[in-house]
Amino acid sequence: TLLQGHPLMALATIMFAPGGIDQVMQERRDTGDSLWKVDPQLLKMALAPYPKLRAALFPQLTPHGIPPLDISLYHLLQSLHPFDPSRLFGWQSANLLSSSDFSNDLPHFSCPDLVNKYAITEQLDFSYYLRHGRPSYAFATFLVQQLAKSNSPKQLMQRASIEAYNLGLTHFTVPPVAAACVAFLELLGASSFKLRIDLKVADTILKHWHMNAEESQHRSLQNTLAEKLQNLIEFNGSSAEELLTHLENATRENVQSRDVHRASFEAGQEWSLVAQFCRLHNITLSMAYLQECAREDEWLQFVIFAQVHNYQPDEVQALLKDFSATLQDHLSLAFQNLQFVSQDNSVSCVVTKEEHKKDESPEDLFQALYWCQEKPKPWRYLLSEAVQHSAPVLSILAACFQETDVLQCLCVWVVVSLDDIIIAEATKHINDSIEYHEWNLHDLSLMWKVLLERGKGKQLVRGFQLFLKECPWVYMLEMYEMCTEHKNYQEAKLKLQEFQKCLLSAADSADTEISVQWMESQAGVLLKLMMQQCPTQYELGKLLQLLAEVDCALVINGPDFKRLSRLSQLLQDTSISVDCSLLINDNTDTLQNVCGKILDQLQKKGLFALARQVADLAQLPVDHLVVHEVTQELQSLKQHGQWQRKETRINFWKKCHNCFKNNLISHLVASEFFLAQGNDQQTIKSEPASSFKEQLETIQERCLLLTMAGHWLSQNNPPTLDELEEVEKRIWLCRISQQALLMSTASGFAWQVSVCGEISFDSATKEFLFSKLPALNSSQYLKLQGFPNKDTASNCRLDKTAKEALTILIGELLDRGCIHEASRVSRYFEFYNQDISLVLHCRALASGELQTADFHPSIQIVLTTGASFNEEIGLHRKRIPSLSSIASSFALYPEEDNVKDQVVKDLKILTNECHHGKSYCRQVLSLYELSKELGCSFNDISTQDSDTVLREVLSSQRPDRYKKAQAFITTQGLKPEAVAALLAEEVVQASLSSAEAKGVRQIYNLLDGREAFLHLAKLCQDPILVGTKLLDKISSIPNGQLECTVELLILAHDCFSLTCHMEGISRVLQAARHLSHKHLAPKEEYSLMVRLVTGIGRYNDMTYIFDLLHENHRFEMLLRKNVESNGDLKTALLDYIKRCLPGDSEKHNMVAFCFSMCREIGENHEGAARVQLKIIESKPWEVTPELKKSLLKVLTFLKDAAESYSKDSCIRRASQCVRLAKLVTLQLHLLNNNQDVQLINLQRNDLMACILSLPRFYQASIVVEAYDFVPDWAEVLYEHVVVRGEFAYLEEFKQQHPLQHSLFEEVSKKFKQHKGDAVASQNLKRLLQYCEDIYLFYKLAYEHNFTDIANKLLKEPQTSCYLNDMIAS
């Protein structure tokens, strides 16, 4: 530390050395190696800045070699005789005057020399240590000093005990001393009881006195009591009686202050101290407490207190007069057979010890207690005596023995507490004598049932509280009492919860008098008994609610109380009661039987909602209940006259359907209901109708009911086809009747009424149609087998009107594409229809099931005729050009080659012949041609759904696949929603890269690019649907597939952009923001963020991605690849940098470089250079290395700017940078040559002075060009050439600027103004020789009196003539 120049730190370290700095300074003279060794010379040199400190550590020597005197405090004390330092302070190391004859230790009270000379010694006995509260030291001192040396140890210990007693009583107000005396007596083996009693008496009396006196008198009262205690020690008798009086008063007031009954057991405990005091001091026992008991007729406390404290019989009997007359007689009889004997100088009350016979019974309570002690099992003897004498108290006393069986004591107590009738009923199962019966849990279970049935529950509760108060069963009995007696169900609930809690805790421990299993089983029996004893349904409901809330079934193996409570609540407002059988056994069968009866009663009362709840509770089917309910409502509507309104009937049938659906009734029951109602409508129809409207509505209503019946029948799994077809046939009969009725009238008004109403049966019927059921639409109905032909047309049993109506209806079916239903209807009625036959032949021909040779002759005639007149038929028949062109678009060959296919030709003929069903025929034709292209059969492609076929077309990878897919979608009539769902699903699969894994060819690949996806999106009539489906699919993307999510957002945005759907675009932008902030940024997926923003392309709305990339130092990822042609991104990035990062030139240059923006790069470099120049300008001009570095930086920026400008052909801006760079270069040149001339950051008015100060013209030229300044060159030439004579400056000037005539004139004027000297005149003369204008030269020379030059010009032949002419003119 000293070598490093830190002397103070070294001194601070030395202070921690052992012995301090003195020890270190001594060790420096030693030759040994020490940890604290210090070089003195080094330390002395280091302390040079601190002369006083160095002088103190290194004192200077006098000229004689003697160190200067160091006067200490001890030298000053030499003149004071009492403090002679030669004899005192020898223990101080600084006292150099101390003599070796005296001790060098600090004097103290234990110093042996001082003790021997001056100390007064005294030997401490045990009383000393007792007074200091140290009993163990007192006992040890007594053993060593006295007991070990004594010949009579007993007498010595007795004296020591008396002395300790006296000492403790004397210091009764000092608890440590009193406690030490008590402990000392116990250590001696003597009794400390008397001392403790006397101390307690003294404390009680003193507290009593303090309570009744002022605080100032406390000291005198304490002294008074001390004197009385001292007298008690010396004179025991009289003093003890005096203290007894005070003690009785204190005890009496203490009992009153505690607010306890003066004759209670607690008061007796307080009075025990008085009796003990009297007994210890051999004075008459106090009668105060016994008198209080006698006055209050507390005979039990009276007897106990007299027995415990051994009162004399005459004393006890003398107090009997204070009792009431009845008690006085009883107590006198009880005490007359007792004899009192004296034992060990004490009085005790015992039964005389006489031998008694075994069969002899005790005469009283005390004799029974005495005799039981001689028995092997005293408690068993007491129980038998209790039964024999009906004395419940003996069973209580028997329970006090340790080995007692508490259960038997409880049973005996309960039995002997009852009357004879109940005893006989409770013990009728016992064959032997109940005196010697071994009681068990079975006896107890039978006993409590009898007691509760006879209303003796209180005695049972009291018995358990006496013997088994910790038993959980007590809570059950208390719960029973709360419910039956007090009707306090809330308190009963708490008791039941406590029972369950205790039962669960008791199950974990084996220390229970009664087993947990017994309590669980009996609890269930008790609860059932309580339910059976409930006199009213209200009380039963309250009890069940209590049990349900507590959920007793968790612990007690009983019925489902929640279910019973629920049933009781449902029936509480009705006159129906809960069956008692259900309370005993609530199994499923019993419950359903009882609830079934209840349901019948509720239905009769019309309480269907309540009946439904009861059925749900019992898990009974509600089918017939719901049907009965709606049937009753139907009758009510008819009775009230509302059934005639059409709207009422329609709404009612819909309500019935919803009711059946909500109640989940059987499909068959619902179907039968509607069929039955339909049959009723048919009965009504047979009656003569009053009007056309009523007939029409009746038919429509029946059609609705049959349709609803078929709808419910179709819900069966599997549906019964025969029944469905029968229902459908009946429906079509209604439709035929309706159509025939409409055809029979010419009233347009009737048609309008039946069709154009706000609500109609037809519109309601459409909701329940089941004709699209797959089971009905089997492939057999598309075959010609079983279909009627012209030959069998006569088998149809419909009349002419019905046939015409059916023809119209079948035509409508065919136009809607319902080929299966049309075929079924024709087969139902064996009705032949030409259009259906043509449609089925088209399909048979396309599928290859039949050849044209196998067709019916009528169809063959159609084909033959159609081949001849195809063009004429095509002209006269109504055709759809777009569909025809679409159908032909599937051809693999040109049209003329396609016609060569005979099957296609026949299909077209059959299609043209159809009046109805043309669209289906065209679909068959298109599928046939498509099957040829895909290389599969017609049956395969026709059985597939449209999505699969469309997927096959798009995955064929043909160049025209999009065109063919669009034609297929139009021909098959695919809905935009279905197409959008298909495309979205395929795009998601492609994004997840799972299509190859499944072996399915993809219709889209992410590598195909944006154009391929747009082709797919345009296949949907509404591309918005595709975008919406893609957004909806995002939620199903697995976690972690962020790349897929990003691609879906981009594609969805493309879909919305096709139609400028702003709402969809907004959804995409919101999802993109959420994805970026919540997923991409936390997982550092910066490349996906770049893909997201560049894919969507809405940079102004997604600048938050720029922010995230900038904050995470990933901004350059935007500029990596394929961005050169992205002009929008370039513009957005530059705009973002200008707005949000105006000072970040690095990013600006990076963006500009990436997009080859040379002009912007140049502007950035130029701006940086000018900023640096501004920084230099803001500081005082001073030539420093930092200035040169800054100028070099400016020069670099300017060079780069000029280069960038030149690349972008910005010549003017590049030239400006070059001129400014020259200026900076010149500035650096001057500074490097120690020329402190400032050229940069000059003001316009300072430029001229700067130009004049520069020695070379090229330097001035650089300044002029840099500042774009036009100086007064005449002034410059005058200063440099005329005044200074620097003609080299003039030569440089001539190389760049011509010497104009006006320049010489201006210089001449300035010479005249400044009145130049002779040297300047000679320089001017020389300058004028550069003037090429001879006349001007002569004129200026003449004006300045340069006669020699003027004469020379006049004389020279080359100039004389010209000058003479000019002068003459």
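See the structure shown above.
Residues numbered from 1 in each chain as written. Predicted model: local features only at pLDDT ≥ 70, side-chain atom pairs only at ≥ 80, totals over all residues. Heavy atoms only, no water.

Trainee: I'd like to hear about the overall build of the protein chain, residue by residue, with values.
Mentor: From N to C terminus, the protein chain includes 73 helices and 2 strands. Here the analysis covers contacts within the protein chain between residues at least 6 apart in sequence; of these, 62% occur between residues at least 24 apart. With an accessible surface of roughly 74,500 Å², the protein chain has 51% of that area assigned to carbon and sulfur atoms. (Helix = DSSP H or I, 4+ residues; strand = E, 2+ residues; numbered from the N terminus. Contact = heavy atoms within 4.5 Å. Areas by Shrake-Rupley, 256 points an atom, 1.4 Å probe, with all protein chains shown as cover.)

Trainee: Could you give an account of the nonpolar core, naming the residues involved and the relevant values?
Mentor: Soluble globular proteins tend to pack their nonpolar side chains together in the buried interior. Ranked by internal contacts, the top residues of the largest apolar core, which has 131 residues, are Phe464, Trp473, Met476, Met519, Trp653, Phe660 and Phe674. Judged by nonpolar contacts, the second largest core, of 129 residues, contains Ala846, Leu925, Val953 and Leu1080. (Core = buried A, V, L, I, M, F, W, Y, C linked by side-chain atoms within 4.5 Å. Buried < 20%, exposed > 50% of the residue type's maximum accessible area, 1.4 Å probe, protein only.)

Trainee: I'd like to hear about the packing of aromatic side chains, residue by residue, with values.
Mentor: Inspection of every chain in the model, using the stated rule, returns 31 aromatic pairs. Relative to Trp653, the ring of Trp643 lies with its centre 5.5 Å away and its plane at 85°, an arrangement referred to as edge-to-face. Of the two residues, Trp643 is situated in the loop between helix 34 (623–639) and helix 35 (646–662) and Trp653 in helix 35; the sequence distance between them amounts to 10 residues. With relative accessibility at 10%, the residue Trp643 sits in the buried group. (Phe/Tyr/Trp six-rings, centres within 6.5 Å; stacked < 30°, edge-to-face > 60°.)

Trainee: Mind laying out a nonpolar patch on the surface, listing which residues take part and the relevant values?
Mentor: A cluster of nonpolar residues, Trp299, Leu300, Ile304 and Val308, forms a patch on the protein surface that exposes about 370 Å² of accessible area. Within the element layout of this structure, Ile304 appears in helix 16 (residues 299–308). (Patch = residues over 30% accessible without salt bridge, like charges linked within 9 Å, V, L, I, M, F, W, Y side chains within 5 Å. Salt bridge = Lys/Arg side-chain N within 4 Å of Asp/Glu carboxyl O.)

Trainee: Tell me about the environment of Leu394, and please be specific about residues and values.
Mentor: Position of Leu394 among the secondary structure elements: in helix 21 (residues 392–398). Here Leu394 falls in the buried class, since its relative accessible area comes to 5%. Separated by 29 residues in sequence, Leu394 and Leu365 have C-alpha atoms that sit 8.2 Å apart. Beyond its immediate stretch of four places on either side in the chain, Leu394 contacts Leu365, Leu382, Glu385 and Ala386.

Trainee: Give a detailed account of empty space enclosed by the protein, specifying residues and quantitative values.
Mentor: Scanning the entire structure with this criterion turns up 3 cavities of 30 Å³ or more. In this structure, the second largest cavity spans a volume of roughly 60 Å³. Every residue along the wall of the second largest cavity is listed here: Thr707, Glu728, Ile731, Trp732, Arg735, Leu769, Phe770, Ser771 and Glu821. Per element, the largest residue contribution to the lining of the second largest cavity is 4 residues, and it comes from helix 38 (residues 721–744). Here the lining of the second largest cavity is composed, by residue class, of 4 nonpolar, 2 polar and 3 charged. (1 Å grid on protein atoms, 1.4 Å probe; cavity = no way out; pocket = protein on both sides within 12 Å on 5 of 7 lines; lining within 4 Å. Points joined across faces, edges and corners; volume = space filled by probe spheres on them. Nonpolar A, V, L, I, M, F, W, Y, C, P; charged D, E, K, R; others polar.)

Trainee: Can you break down the pattern of salt bridges residue by residue, with the values?
Mentor: In a structure, side chains of opposite charge can pair up when their charged atoms sit close to one another. Within the structure shown, the criterion is met by 33 salt bridges. Where Glu1163 meets Arg1159, a salt bridge forms, and the shortest distance between an N and an O atom there is 3.4 Å. In this pair, Glu1163 and Arg1159 both sit in helix 62 (residues 1158–1178), 4 residues apart, roughly one turn of the helix. Assessed through its relative accessible area of 33%, Glu1163 is described here as partly exposed. Between Glu1177 and Lys1174 there is a salt bridge; the shortest N-O distance is 4.0 Å. Here the residue Glu1177 and the residue Lys1174 both occupy positions in helix 62, the gap between them amounting to 3 residues, near one helical turn. Its relative accessible area of 37% is what places Glu1177 among the partly exposed residues.

Coordinates in, geometry out; function isn't part of it.
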